[in-house]
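Overview (structure and organization)
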Amino acid sequence: MHGTSAALPRRTLLTALAVAGAAGTTLMAGGPRAVAATGGKTGTGGGASTGGGGSMPSPGKIAAEIRDEFLHGWNGYKQYAWGHDQVLPVSGGSNEFFADGYPVGLSIIEALDTLYLLGLDHELAIAKKWVTTELDLNIDADFHVFEAIIRVVGGLISGYLTTRDRKLLELAVDAADRLMPAFTKSPTGMPYTQCNMATGAVSGSTPPLAEIGTNILEFGILSKLTGDGKYYAAAKKAFRAALSQRSEIGLLPTYFDVETGRPTDGSSQAPNPPVDSFYEYLWGGWVLFGDRDLLKWWNETTKAILKYQSVKVGGDLWFRQVDYATGAETGTSASELGSFYAGLLGKAGDLTAARGYYDGWTGVLDRYPVLPEEIDYSTGKVTSASNNLRPEYVNSSFDLYQTTRDPRYRATAYQYFVGMRDNLRVPGGYTIANDVTTSPMQLGDLTQAYWFSENMKYLYLTFADTPRYDYRTGYLSTEGNIFRGVRRTG
Ligand code: DMJ
């Protein structure tokens, strides 16, 4: 059933569907939901029911299971790929994420703060030693600016915040300084997509929104830690340049020419990639830095997205693609990467929309225990059947559990964990899947480096009650890096 076109069962209550706040109605088929599938409306103390109808261990026991599974993946990386960017856990090989032949130990950088939060201090010492003695970013190769900021700069910052080893901060500053030409050489301040880490040569002049705006958390923290405002100023200038291009109805398109500042397409794809974290960082920047411009931009753009793009399907909420100038529908696809947006909406106070969107994705999880990369929410069909070990759904589970303490978010996070463990665990760690619609699933051969920073951290923090994290004030980046809420006790 590769790329299955088998329509998902229709809900009995699939009737009138309203485009929230916009005129007109559209008929959509909702994803399926086994009755009581989110099951977590029960408590999570010993033996609560799960989405799959089984029983759920206590939170402490689940946290211990998650920690063990993290170690399983970590040990696979150590055995087969130490010092390389990513492990191929099936074949026992490795690959580099940024540039062939130029490893930066990306999985180690991504794991640093997770190792701290999970209390794996011996492993943290080994990881930190490798980074502080081996990592040299003077690399004559093009790095993807967005990825390098969220993964390398962000991983080094959270590594510093959890260990207080100043060498990690120095490395974070070094990485950011090597990437700064992408911003400073741009006539508009919107960053180029690629930057040579040794020479500062830039290329790639039409980035999407996510690549323009997903940097103010990393750069803002660096400005705070170094006292040099240039990082924050560069990030905010990029935001301002993009936001100046909003249409009269308040929406943004997806791609921009950094040299003219003008859009190169006309479709608003929020909250899907490649715009997703642009909006996440408006909200996060307000929370972390109290910048009222960012709050205003968040409020204005979110209002427009909800008005023109949200679509009610039964009790669920989805987001359609629209012409950014007119609001006319251009597509009905939903990327798993967009599922983080439920948690973001919840954190920002719109729990109705957050629940509706989360419930939509939970319906897909009930059908496919490992989420497919993309569906068409209007038909329920899977349009991309692979899974890249994605963390976004459980990112939302974590955020919504922190926000509401509703046990159903723990139950569905456990459902996600069990689905991943039952299907993507291999002797060398955890792997991506080529097709989640087959049984058994067709597996690929890669542990994404972000698995060490995101999936297992969101899961662990959802169930553990670690004294190392301040659950009240904590804030994680789009890559799951801890930027606020580190507690140095315990
Ligand atoms: C991660 O690098 C980050 O979560 C990013 O925001 C989106 N893509 C991956 C995970 O899917």
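Below: a short report on this structure.

Calculation notes
- Residues numbered from 1 in each chain as written.
- Predicted model: local features only at pLDDT ≥ 70, side-chain atom pairs only at ≥ 80, totals over all residues.
- Heavy atoms only, no water.
- Pairing = 2+ DSSP bridges.
- Helix = DSSP H or I, 4+ residues; strand = E, 2+ residues; numbered from the N terminus.
- Axes fitted to C-alpha atoms, helices over the stretch in contact; angles between N-to-C directions.
- Core = buried A, V, L, I, M, F, W, Y, C linked by side-chain atoms within 4.5 Å.
- Buried < 20%, exposed > 50% of the residue type's maximum accessible area, 1.4 Å probe, protein only.
- Contact = heavy atoms within 4.5 Å.
- Phe/Tyr/Trp six-rings, centres within 6.5 Å; stacked < 30°, edge-to-face > 60°.
- 1 Å grid on protein atoms, 1.4 Å probe; cavity = no way out; pocket = protein on both sides within 12 Å on 5 of 7 lines; lining within 4 Å.
- Points joined across faces, edges and corners; volume = space filled by probe spheres on them.
- Nonpolar A, V, L, I, M, F, W, Y, C, P; charged D, E, K, R; others polar.

On to the sheet that holds strand β13 (residues 333–335). Here we have three strands laid out as an open sheet, ordered β13-β14-β15, and antiparallel in their pairing. Each having just a single partner strand, β13 and β15 (381–384) make up the two edges of the open sheet. Strand-to-strand twist across the sheet, computed as the mean angle between neighbouring axes with direction ignored, equals 30°. Bridge count between strand β14 (residues 374–376) and β15: three bridges; the pairing is antiparallel. Bridging across to β15, Ile 375 finds its partner in Val 382.

Judged by nonpolar contacts, the single largest core of 158 residues is most densely connected at Phe 70, Val 131, Tyr 279 and Met 420. Beyond its immediate sequence surroundings of up to four residues, Phe 70 is in contact with Ala 111, Thr 114, Leu 115, Leu 118, Leu 120, Trp 451, Phe 452 and Met 456.

So, about helix α2 (residues 106–117). Most of α2 is tucked away, with twelve of its twelve residues classed as buried. Residues Leu 106, Ser 107, Ile 108, Ile 109, Glu 110, Ala 111, Leu 112, Asp 113, Thr 114, Leu 115, Tyr 116 and Leu 117 constitute the buried set of α2. Two residues or fewer past α2, Gly 119 is found with a positive phi of approximately 75°.

What follows covers the pairing of strand β10 (residues 316–319). Alternating residues of β10 divide into Asp 316 and Trp 318 and Leu 317 and Phe 319, and every residue in both groups is buried. With four bridges connecting them, strand β9 (residues 310–313) and β10 associate as antiparallel partners. Residue pairing for β10: Val 313 is matched across the bridge by Asp 316. The turn linking β9 back onto β10 is made up of two residues, and Gly 314 within it adopts a positive phi angle of 60°.

A word on the packing of aromatic side chains. For the structure shown, the criterion picks out 33 aromatic pairs. Ring geometry for Phe 239 versus Phe 278: centroids 5.0 Å apart, planes at 75°, classification edge-to-face. Here Phe 239 is found in helix α9 (residues 230–243), whereas its partner Phe 278 is found in helix α10 (residues 276–289), with 39 residues between them in sequence. As far as burial versus exposure is concerned, Phe 239 and Phe 278 are alike and both buried.

We now examine the layout of surface pockets. Each pocket or cavity is described by its volume, and for the largest pocket that value is around 430 Å³. Lining the largest pocket are 23 residues, with Phe 146, Asp 276, Leu 337, Arg 390 and Glu 392 sitting closest to its centre. The set of elements that each furnish at least two residues to the lining of the largest pocket consists of α4 (145–163), α7 (209–213), α10 and α14 (392–404). Per element, the largest residue contribution to the lining of the largest pocket is four residues, and it comes from α4. Taken together, the residues of the lining of the largest pocket sort by class into ten nonpolar, four polar and nine charged. Of the pockets and cavities examined, the second largest pocket occupies roughly 360 Å³. If you trace the second largest pocket, you find 22 residues lining it, with Lys 347, Asp 399, Gln 402, Gly 474 and Tyr 475 closest to the centre.

Spatial relationships are all this shows, so hold off on functional conclusions.
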